[in-house]
Amino acid sequence: MTNNLLKFFAALLMGLVLLAPAVATTQPALSISGVDFEDTVAPGDSVAVSFTLSAGADVKDITVTGQIAGEKDSKAEVAVSKISSGNDRDLKLTVSVPNDLREGTYKLTLDAEGKASGRVRAQQFAGSLIVEQKDNSVYFKSVQISSSSVIAGDSIDFAVRLINNGKNAEDGLKLKAEIPELGASQIIRITDALMQEDDKTFYMTLNVPRASESGLYTLKVTAGNADVSATTLGLVDVQKFVVPVQKPSAQALTPVQVQVPMGKGSVVSLSVSNNADTQKTFNLQLGGTADWASAARVDPTTVTLGAGESKSVFVYLLPSDAGEHSFTMFVKDGATTVSAVPVDVNVAGTAVQPSVGSMTDREQLGFVFVVVVVLLAVIAAFWSTTRRDGGKGQQVYY
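Values in this document were obtained by computation on a predicted structure and should not be read as measured data.

The rules behind these values
- Residues numbered from 1 in each chain as written.
- Predicted model: local features only at pLDDT ≥ 70, side-chain atom pairs only at ≥ 80, totals over all residues.
- Heavy atoms only, no water.
- Helix = DSSP H or I, 4+ residues; strand = E, 2+ residues; numbered from the N terminus.
- Buried < 20%, exposed > 50% of the residue type's maximum accessible area, 1.4 Å probe, protein only.
- Contact = heavy atoms within 4.5 Å.
- Areas by Shrake-Rupley, 256 points an atom, 1.4 Å probe, with all protein chains shown as cover.
- Salt bridge = Lys/Arg side-chain N within 4 Å of Asp/Glu carboxyl O.
- Pairing = 2+ DSSP bridges.
- Core = buried A, V, L, I, M, F, W, Y, C linked by side-chain atoms within 4.5 Å.
- Phe/Tyr/Trp six-rings, centres within 6.5 Å; stacked < 30°, edge-to-face > 60°.
- Lys NZ or Arg CZ within 6 Å of the ring centre and 35° of its normal.
- Axes fitted to C-alpha atoms, helices over the stretch in contact; angles between N-to-C directions.

> Quick question: what am I supposed to make of the overall build of the protein chain here?
The secondary structure content of the protein chain amounts to two helices and 26 strands. Counting all 398 residues of the protein chain, 34% fall into the buried class. Contacts in the protein chain between residues far apart in sequence, at least 24 positions, make up 66% of those at least 6 positions apart. As displayed, the protein chain offers around 23900 Å² of accessible surface, 52% of which is attributable to carbon and sulfur atoms.

Have a look at this one:
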C-alpha cells in the first residue's frame, strides 16, 4: 500500500510539472488593467487616462494607443522600451475630445502592442465616454494666412473660421489678432450673435512694423466675451525691411521722388536691368504701401531679361492718406532679394489745380458772355440792313 501511495504522489507531481507550461502559455504577453478616467466630458476637453500595463513575458518596444473610437483627431500614444515577465508599469496618456464632436456616448479604447518572440497584441480595453456640450463654448476651426511671408512695413491678411459648439448663442464677441513679439494687433467686434452651431469666417489685417527683424513669429487670435474665450495660434514669416547691397545680376532705377494726387489712381514707372552675362528672371514685390495706400500693385510681377537688357515696369497706386510717404520695389532672383529701390511719394491732399492754358469757371463764364454779346450785335446789324433794303421798294413789271 505504501508503494501504491508513493506511485500516486509521483504521478501527481509529474502531472503538475507537465501542466505548468500549458498554464503559462495561456497568460497574455501584455494585459491592461486598473483603467481610470473622467467619463463625462465636453467637446474640446482632454481626457486623462491612467492604467496599469502588465507583462506575462519579456516584452520590448511597447506602444499603447488610446483614442475615441472612430475619431482620428483624438489619438494619443505612450511608449515603453521594455517590461520584463511578471512585472507591470503604471502609465498615463491624454486623449483629446474633438471640438466638433456631438453629444452622445462614445467608446474609449486602449490598445497595447509590443515584441515578444514576434509581434503581440494585448486584449483591447474599451470603456464608455459621455460627451455633453457646454452652455457656452466657441472654437477656431482654422486660420488661413494670405501669404507665406511678409516684408516688414507691409500688412498681412488672414481669415479665421469661428464655430459655436455650445448650447447658447454668443453676443458681443470680440476678435483680437496680434503678433505679441512685434506689438502688432487688431481688434474687431462681431456685431451679430453667433448662434448655436454657427460656422462663420472673419477677415482681418495686421500691419507689421517697419523695424521688425526677420524671423518666424507667433500669430495669436482670440475670440471672447464675458462668458467664453477661445484661442488659436499660427506662424508668420517676416522678412526684414532692408535696402540690400546691390549685386551685379540686376539693377533697378536709382531712388526717385514723385508727386501724386490723393484719392486718385496714379502710375509710377520704374526700370529693371539685367547686368549679368546670362538671361535672368526676376520677381517684383512691393513693400511699405499698407499704411497710406488703399491699393498698390506692380505690373508685371515677373520679368525675364536677357544679358544687359532693361525693361520698364509700372507701379499702380491709389493713395488714401495725404503727406510724405514712401514704398520700395524689391527685385528678387528666386528667393534672394538682389536689389531694392525706395520711392518717395508726396501725396497732395488738395484738388489738382488747372493746368497752364486752361480756364477757370469764372473765365469760362466771361468768355460765354462775350460770345453772346457779339452774336447779338451781328444779328442786330443784319436786321438793320434788311429793313433799309426793304424801304426802297421793288418795281414789278407786268
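> Can you help me understand unusual backbone geometry in this one?
Most peptide bonds take the trans configuration, and most residues that are not glycine carry a negative phi. The omega angle of the peptide bond from Asp299 to Pro300 is 0 degrees, so this bond is cis rather than trans. Among the structural elements, Pro300 can be located in the loop between β22 (293-299) and β23 (302-305). If you check the backbone angles, Glu197 has positive phi at about 70 degrees while not being a glycine. Within the secondary structure, Glu197 sits in the loop between β14 (184-189) and β15 (199-207).

> Please clarify how the pattern of salt bridges should be interpreted in this entry.
Oppositely charged side chains can pair when the atoms bearing their charge come close. Summed over the entire model, instances satisfying the criterion amount to nine salt bridges. Its salt-bridge partner being Glu197, residue Arg102 comes within 3.0 Å of it at the nearest N-O pair. Taken as a pair, Arg102 in the loop between β6 (88-96) and β7 (104-115) and Glu197 in the loop between β14 and β15 lie far apart in primary sequence, 95 residues in all. Look at Glu197 and you get partly exposed, because its relative accessible area is 46%. The shortest N-O distance in the salt bridge between Arg161 and Asp199 comes to 2.6 Å.

> Would you explain the pairing of strand β13 (residues 174-179) in this entry?
Every other side chain in a regular strand lies on the same face of the sheet, so the side chains alternate between the two faces. The pairing of β13 with β14 spans six bridges and is antiparallel. Looking at β14, one finds that Ala177 is bridged to Gln186. The antiparallel hairpin formed by β13 and β14 contains four residues in its connecting segment, where Gly183 sits at a positive phi of about 70 degrees.

> Where do I start with the nonpolar core in this structure?
As a rule of thumb, soluble globular proteins bury nonpolar side chains together. Core analysis: the largest hydrophobic core is formed by 32 residues, its most contacted members being Phe140, Phe158, Leu162, Leu175, Ile179, Leu206 and Val238. Sorting the residues of this core by element identifies β10 (138-145), β11 (149-151), β12 (155-164), β13, β15, β16 (215-224) and β17 (229-239) as the ones contributing at least two each. Residues Val47, Ile68, Ile83 and Leu110 belong to the second largest nonpolar core, which totals 30 residues.

> Teacher, can you tell me more about the packing of aromatic side chains here?
Where two aromatic rings form a pair, the distance of their centres and the angle of their planes describe that pair. Applying the stated criterion across every chain yields a total of one aromatic pair. Geometrically, the ring pair formed by Phe241 and Phe330 is edge-to-face, given 5.9 Å between the ring centres and 85 degrees between the ring planes. Pair noted here: Phe241 is in the loop between β17 and β18 (251-252) and Phe330 is in strand β25 (residues 323-333), with a separation of 89 residues, a long-range link. Looking at Arg210, its charged tip hangs above the ring of Phe241, at a distance of 4.0 Å from the centre. One cation-aromatic arrangement involves Arg297 over Tyr316; the distance from NZ or CZ to the ring centre is 4.3 Å.

> Before we go on, may I ask you to explain the sheet that holds strand β19 (residues 256-261) in this structure?
Pairing between the strands of a sheet is mediated by backbone hydrogen bonds and can be parallel or antiparallel. Spatial ordering of the open sheet is given by β19-β26-β25-β21-β23, a layout of five strands whose pairing is mixed. Two strands close off the open sheet at either side, each with one partner strand: β19 and β23. Direction aside, the axes of adjacent strands within the sheet are offset by 30 degrees on average.

> Would you mind showing me how to read the environment of Gln257 here?
Here Gln257 shows up in strand β19. For Gln257 and Ser326, which are 69 residues apart along the polypeptide, the C-alpha to C-alpha distance reads 9.0 Å.

> When you look at the sheet that holds β17 in this model, what are you seeing that I'm missing?
If you walk across this open sheet you meet the five strands as β11-β17-β16-β13-β14, and the pairing is mixed. Strand pairing shows two members of the sheet lacking a second neighbour, β11 and β14, which therefore form its edges. Ignoring strand direction, the axes of neighbouring strands in this sheet form an average angle of 25 degrees.

> Got a minute to help me understand the side chain of Ser266 in this structure?
Looking at the secondary structure, you find Ser266 in strand β20 (residues 266-273). In this structure, Ser266 is in contact with Val260, Pro261, Val315, Tyr316 and Leu317, ignoring residues within four places of it in sequence.

By themselves these figures say nothing about function.
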